[in-house]
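# A structural walkthrough
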Amino acid sequence: MKRRLRLTLLMLIALPLFALGVWALWGEFQPEQERELRVEVHDRLEQWFPEAMELPDELLGFIPRSQRYPDSAAPDAILLHGLDEPGNIWDELATAMDTAGFNPVEFRYPNDQAIDRSTDLLAERWEDLDADHPVILIGHSMGGLVIRDFITRWRHPADGEPRIEGPPVDGVILIATPNHGSEWARLRMWLELREWFADIREERFSLFAGLRDGTGAAKIDLRPDSRFLAELNARPWPDDIPVRIIGGVLAEPTPEMERSLQQMGEQLDAPELPRRIADWLDQTGEGLGDGVVPVDSLALEGHPEPLVVEGSHRGLLVPTPLTDTPPAIEPVLEILEQWRRGLHRP
């Protein structure tokens, strides 16, 4: 009896794991079909469970981020987050922009749905903005791809007039944007878990929390070989909208880290450990980039070379134990100030 029970339990565990393995293997070789299926599932869920699939107001649309300007004031910049963002990526930059006299507004969207769906949502809401007040678009990670898709497909399509009215775009800043994809998108489940924990902390978790923001189609769009990126990178960019790119590279070990590695080496009787780790970081830094986006995925033909600073993917904008001041904030403020004074061209 006990043996039969153990066998039944093993089968209950093994079957879902086997199914997940088959799904992962199929998706690896049929990514576009997997994307279509994920989009279809999302659409069906919205039809069947519209209330449960509806995002809270604070997670959708234009969200004022200024303590200085009234909510009704026209924004100077629109901030777009990336994949499975738990919500605090813009806190430091928004405060710094406020202090510098720039009014920031965040645009939030279902953050792992297909990227073109997020772009369409931005286009749908664009005419809500003051058409007489130009804006700067600032995107972190996948948010930068939403911006590029919006500009080239909605605001300045190569084959005709703008498809929407609304404010002109005075410039674009891309921060840690994988313009040529990122293999780390395959590990999206860990980002989803991080977002779930944030939902629980903010008391907005539900059984649909992992589905109402999309069913993961974005992770396929972010793959280096995706159809979405191939089409996006083939579109021409309007000459009158400047682009600046900021990326990160993992920092060299600090003195404190080196001391810790030295102690670890002594404890493990491996005195070469600190040197080997330092050599590894030096050799692989650009390939690793900020830990998510490699340096060679940042650049765009026809635009200035990326500014690469020491920082991790989120650490470019969010304080970490090693960086009290996120390294991308000062360059962003400098760019904004240059553009405010009319210095648009490189």
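Residues numbered from 1 in each chain as written. Predicted model: local features only at pLDDT ≥ 70, side-chain atom pairs only at ≥ 80, totals over all residues. Heavy atoms only, no water.

As recorded by an unreviewed UniProt entry, the protein chain carries the name Lecithin--cholesterol acyltransferase and is attributed to Thioalkalivibrio halophilus.

### Considerations on the packing of aromatic side chains
How two aromatic rings sit relative to each other is given by the distance of their centres and the angle of their planes. Under the criterion given, the structure shown has three aromatic pairs. A ring pair is formed by phenylalanine 62 and phenylalanine 107, whose centres lie 5.0 Å apart and whose planes are at 55 degrees; its orientation type is tilted. Of this pair, phenylalanine 62 sits in strand E1 (residues 61-64) while phenylalanine 107 is found in strand E3 (residues 104-108), placing the two residues 45 residues apart along the sequence. Through pairs of rings, three or more aromatic residues link up here, namely Phe62, Phe107 and Tyr109. The ring of tryptophan 154 carries arginine 163 above its face, with NZ or CZ at 3.9 Å from the centroid. A cation sits over an aromatic face here: arginine 340 above phenylalanine 102, 3.9 Å from the ring centre. (Phe/Tyr/Trp six-rings, centres within 6.5 Å; stacked < 30°, edge-to-face > 60°. Helix = DSSP H or I, 4+ residues; strand = E, 2+ residues; numbered from the N terminus. Lys NZ or Arg CZ within 6 Å of the ring centre and 35° of its normal.)

### As for the nonpolar core
With 37 residues, the main nonpolar core has Trp126, Leu137, Phe150 and Val172 as its most contacted residues. Secondary-structure elements contributing two or more residues to this core are strand E2 (77-80), E3, helix H4 (115-126), strand E4 (135-140), helix H5 (142-155), strand E5 (169-175), helix H8 (227-234) and strand E6 (243-249). With seven residues, H5 is the largest single contributor of residues to this core. (Core = buried A, V, L, I, M, F, W, Y, C linked by side-chain atoms within 4.5 Å. Buried < 20%, exposed > 50% of the residue type's maximum accessible area, 1.4 Å probe, protein only.)

### Let's talk about the packing of H4 against H5
It is at 9 Å that the axes of H4 and H5 come closest, and there the two elements cross at 60 degrees. Overall, the two elements H4 and H5 adopt an arrangement that is oblique. Between H4 and H5 the crossing geometry is right-handed. Contacts between H4 and H5 involve Ile115, Asp116, Ser118, Thr119, Asp120, Leu122, Ala123 and Trp126 on the former and, on the latter, Met142, Leu145, Val146, Asp149, Phe150, Arg153, Trp154 and Arg155. Classifying every residue of the contact of H4 with H5 gives nine nonpolar, two polar and five charged. (Axes fitted to C-alpha atoms, helices over the stretch in contact; angles between N-to-C directions. Parallel < 35°, antiparallel > 145°, perpendicular 65-115°, else oblique. Left-handed = near helix turned anticlockwise from the far one by under 90°. Contact = heavy atoms within 4.5 Å. Nonpolar A, V, L, I, M, F, W, Y, C, P; charged D, E, K, R; others polar.)

### Thoughts on a negative patch on the surface
The grouping of Glu124, Glu127, Asp128 and Glu165 at the surface amounts to a negative patch. Note on placement: glutamate 165 falls in the loop between H5 and E5. A relative accessible area of 56% means that glutamate 165 is categorised as exposed. (Patch = residues over 30% accessible without salt bridge, like charges linked within 9 Å, V, L, I, M, F, W, Y side chains within 5 Å. Areas by Shrake-Rupley, 256 points an atom, 1.4 Å probe, with all protein chains shown as cover. Salt bridge = Lys/Arg side-chain N within 4 Å of Asp/Glu carboxyl O. Lys, Arg positive; Asp, Glu negative; His and termini not counted. Charge placed at Lys NZ, Arg CZ, Asp CG, Glu CD.)

### Quick word on the sheet that holds E5
One open sheet accounts for seven strands, arranged E1-E3-E2-E4-E5-E6-E7; its pairing is mixed. Of all strands in the sheet, those bounded by a partner on one side alone are E1 and strand E7 (307-310). Direction aside, neighbouring strands of the sheet carry axes that sit 25 degrees apart on average. As paired elements, E1 and E3 share four bridges and run antiparallel to each other. Within E3, the residue paired with phenylalanine 62 across the bridge is phenylalanine 107. Against the sheet, helix H3 (residues 91-100) makes contact with E2, E3 and E4, and its axis sits at roughly 150 degrees relative to E3, the strand it touches most. (Pairing = 2+ DSSP bridges.)

### Describing helix H11 (residues 329-340)
If you check H11, its first and last C-alpha atoms are 16 Å apart, about what twelve residues at 1.5 Å a residue would give, namely 16 Å. For H11, the set of buried residues is Ile329, Pro331, Val332, Ile335, Leu336 and Trp339. One side of H11 carries all its buried residues, which in axial view fall inside an arc of 165 degrees. Tucked into the core, H11 has its buried residues touching H3, E4, E5, E6 and E7. Following H11 by one or two positions, glycine 342 has its phi on the positive side, about 85 degrees. (Expected span 1.5 Å × (residues − 1). Arc of directions from axis to C-beta.)

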